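Structural characterization, general
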Amino acid sequence: MAHVSEGCAIKQVEINTVASSFAGIATQLVPQQKFVLSELGHADKLHNMPDNNALAGLCDGMVKAWDIYAKPQAVILFIIEDVSYNICDQRFHEFYIRETYPHIKVLRRTLTEVHREGKLGQSKELLLGSQEVAVIYFRAGYEPGHYHSQAEWDARYLMETSLAIKCPSIHYHLAGTKKVQQALAQPAVLERFINDPEEIKAVGKIFTGLYSLDDNEAGNASYEMALRTPERFVLKPQREGGGNNVYGVDIPDALKRMSRVERSAWILMDLIHPPLTKGYMVRPGGDMPPQIVDMVSELGIFGVVIGDAEHIVHNYQAGHMLRTKLSTANEGGVAAGLGALDSPYLIDSDDEDEQK
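Residues numbered from 1 in each chain as written. Predicted model: local features only at pLDDT ≥ 70, side-chain atom pairs only at ≥ 80, totals over all residues. Heavy atoms only, no water.

Before going further, it helps to examine the UniProt feature "binding site: substrate" (unreviewed entry) in the chain. UniProt records the feature "binding site: substrate" (unreviewed entry) at Gln 90 and Arg 323, using the numbering of this structure. Among the secondary structure elements, Gln 90 is positioned in helix 3 (residues 87-100). Those residues in contact with Gln 90 that lie beyond four places of it in its chain are Phe 78, Ile 80, Ser 84, Arg 108 and Arg 139. In this fold, Arg 323 is placed in strand 15 (residues 312-326). According to the relative accessible area criterion, Arg 323 is buried, its value standing at 14%. (UniProt positions renumbered as here; feature names shortened; annotations may be inferred. Helix = DSSP H or I, 4+ residues; strand = E, 2+ residues; numbered from the N terminus. Contact = heavy atoms within 4.5 Å. Buried < 20%, exposed > 50% of the residue type's maximum accessible area, 1.4 Å probe, protein only.)

Turning our attention to the UniProt feature "binding site: Mg(2+)" (unreviewed entry) in the chain. Under the local residue numbering, the UniProt record ascribes the feature "binding site: Mg(2+)" (unreviewed entry) to Glu 14, Asn 16 and Glu 240. These residues run over 227 residues, yet every pair of their C-alpha atoms falls within 10.3 Å of each other. Glu 14 sits in the buried class, given a relative accessible area of 13%. Engagement of the side chain of Glu 14 in a polar contact is seen with the side chain of Asn 16, the distance being 3.4 Å. Secondary-structure assignment places Asn 16 in the loop between strand 2 (9-12) and helix 1 (23-39). (Polar contact = N/O pair within 3.5 Å; in protein donor to acceptor, adjacent residues only side chain to side chain.)

Another point: the pattern of salt bridges. If you walk through the whole model with that rule in mind, you get 14 salt bridges. Salt-bridge contacts for Lys 34 lead to Asp 51; the nearest nitrogen and oxygen are separated by 3.3 Å. Within this pair, whereas Lys 34 is found in helix 1, its partner Asp 51 is found in the loop between helix 1 and helix 2 (54-69), the two being separated by 17 residues in sequence. Between Glu 160 and Arg 156 there is a salt bridge; the shortest N-O distance is 3.2 Å. Placement of the pair is Glu 160 and Arg 156 together in helix 5 (residues 150-160), with a separation of four residues, close to one helical turn. (Salt bridge = Lys/Arg side-chain N within 4 Å of Asp/Glu carboxyl O.)

What follows covers the packing of helix 2 against helix 3. Across the interface, helix 2 lies against helix 3 with an axial gap of 10 Å and an inter-helix angle of 65°. The chirality of how helix 2 crosses helix 3 is right-handed. The residues of helix 3 that touch helix 2, namely those facing Leu 55, Ala 56, Leu 58, Cys 59, Asp 60 and Met 62, are Phe 92, His 93, Tyr 96 and Ile 97. Classifying every residue of the contact of helix 2 with helix 3 by side-chain character gives eight nonpolar, one polar and one charged. (Axes fitted to C-alpha atoms, helices over the stretch in contact; angles between N-to-C directions. Left-handed = near helix turned anticlockwise from the far one by under 90°. Nonpolar A, V, L, I, M, F, W, Y, C, P; charged D, E, K, R; others polar.)

Spatial strand order, 9-12-10-11: four strands in an open sheet with antiparallel pairing. Two strands lie at the open edges of the sheet, namely strand 9 (210-212) and strand 11 (246-247), each paired on one side alone. Judged from the two bridges that link them, strand 10 (residues 233-237) and strand 11 form a sheet pairing that is antiparallel. Each bridged residue has a counterpart across the sheet, and for Leu 235 the counterpart in strand 11 is Val 246. (Pairing = 2+ DSSP bridges.)

With that settled, the discussion passes to the packing of aromatic side chains. Considering all chains together, one arrives at three aromatic pairs under this definition. Consider the rings of Phe 78 and Tyr 137, whose centres lie 4.9 Å apart with planes at 80°: the pair is edge-to-face. With Phe 78 in strand 3 (residues 75-79) and Tyr 137 in strand 7 (residues 131-138), the pair connects residues that are 59 residues apart, well separated along the chain. Accessibility expressed as a relative area gives 0% for Phe 78, which makes it buried. Since its relative accessible area comes to 1%, Tyr 137 is described here as buried. A ring pair is formed by Tyr 147 and Trp 153, whose centres lie 3.8 Å apart and whose planes are at 10°; its orientation type is stacked. (Phe/Tyr/Trp six-rings, centres within 6.5 Å; stacked < 30°, edge-to-face > 60°.)

Looking now at the side chain of Thr 177. Considering the arrangement of structural elements, one finds Thr 177 in the loop between helix 6 (170-175) and helix 7 (178-184). Here Leu 174 takes part through its backbone oxygen, which lies 2.7 Å from a polar atom of the side chain of Thr 177.

Another aspect to go through is helix 3. Over its 14 residues, helix 3 runs 20 Å from end to end, which matches the ideal 20 Å to within 8%, given 1.5 Å per residue. Taken residue by residue, helix 3 has Asp 89, Gln 90, His 93, Glu 94, Tyr 96 and Ile 97 as its buried positions. One face of helix 3 carries all of its buried residues, which in axial projection span an arc of 155°. Turned more than 90 degrees away from the buried face of helix 3, the exposed residues are Cys 88 and Glu 99. The inward-facing, buried residues of helix 3 contact helix 1, helix 2, strand 3, strand 4 (106-109) and strand 7. (Expected span 1.5 Å × (residues − 1). Arc of directions from axis to C-beta.)

Moving on, we come to the nonpolar core. A general feature of soluble globular proteins is that nonpolar side chains tend to end up buried together. Ranked by internal contacts, the top residues of the largest apolar core, which has 32 residues, are Trp 66, Ile 76, Phe 78, Ile 97, Ile 104 and Phe 302. Of all the secondary structure elements, the ones that give two or more residues to this core are helix 1, helix 2, strand 3, helix 3, strand 7, strand 14 (292-307) and strand 15. It is helix 2 that contributes the most residues to this core, ten residues altogether. Ranked by size, the runner-up nonpolar core spans 20 residues in total, among them Leu 126, Ala 140, Met 159 and Ala 164. (Core = buried A, V, L, I, M, F, W, Y, C linked by side-chain atoms within 4.5 Å.)

Here it is, written out as structure tokens:
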């Protein structure tokens, strides 16, 4: 996820490696919003809205993994919550695979059901009943509340130790944590992964300030800095799903309640100030007609990476999504009820300068 920030520079908010979602709904938005523009007499502007094939991009990635597994009867497994509030987006993925690749079956199971039905075969293949699983797509399992008992943890362990290709594996899941993001932003760390000095510089520019809160000299300095000027920062735990961060003036109280050990599980990040745009937030139960409000947006770029410890087999950009929220809202999670899905409308900066 990234914001277009001060001076129109891209600044990274986070990396999400588990439960990648909204590709289904984001793909549907572009035709809808193009229709609205046309109905309002602005068909000449449609070329400013880039096509978005995120649904195909993500699903084709799963099928590429299924091909690599090379068992024609094997299935793709979606790991879902007990109650799936984002079920429409999930189903778009399932339906796309079933319609485009009718020979591939898709199963939906909770962690509890995997524990009940799952076992490893002789070659460590994952079996649900009699069906072998080629690919596992996690739409659940990213927060502690999804693990009601030891049974759910055992189900995750069973899947991780199986031959099935995981989206994500536990390694990639952990690579998406805030702590790893903070470590990657430290000087010289990128050099372990990128050889080209210019590329290192370019990637480094998208990082905003990320600070450790470990119980050491650097962490203690970050702690004191957060207490002095909390309005400059956001405090982030190792959690996904939205609604977990602490912002601005609320940071000192939160930090003071933590032990030094607890504190080290959080990171401190510079608060990003993206440009404001004006628009309508269309929501159930909202004003009719909706009011024009100040909003900020966050751009997400979907990617597909398939590989093992030695080789990356596929690595490509697979579409995008845009989340827009009220400028006064701290959190931007759509699933958390604080933002809305949107689409980018591109304007050439040269054209904009001429209009001024």
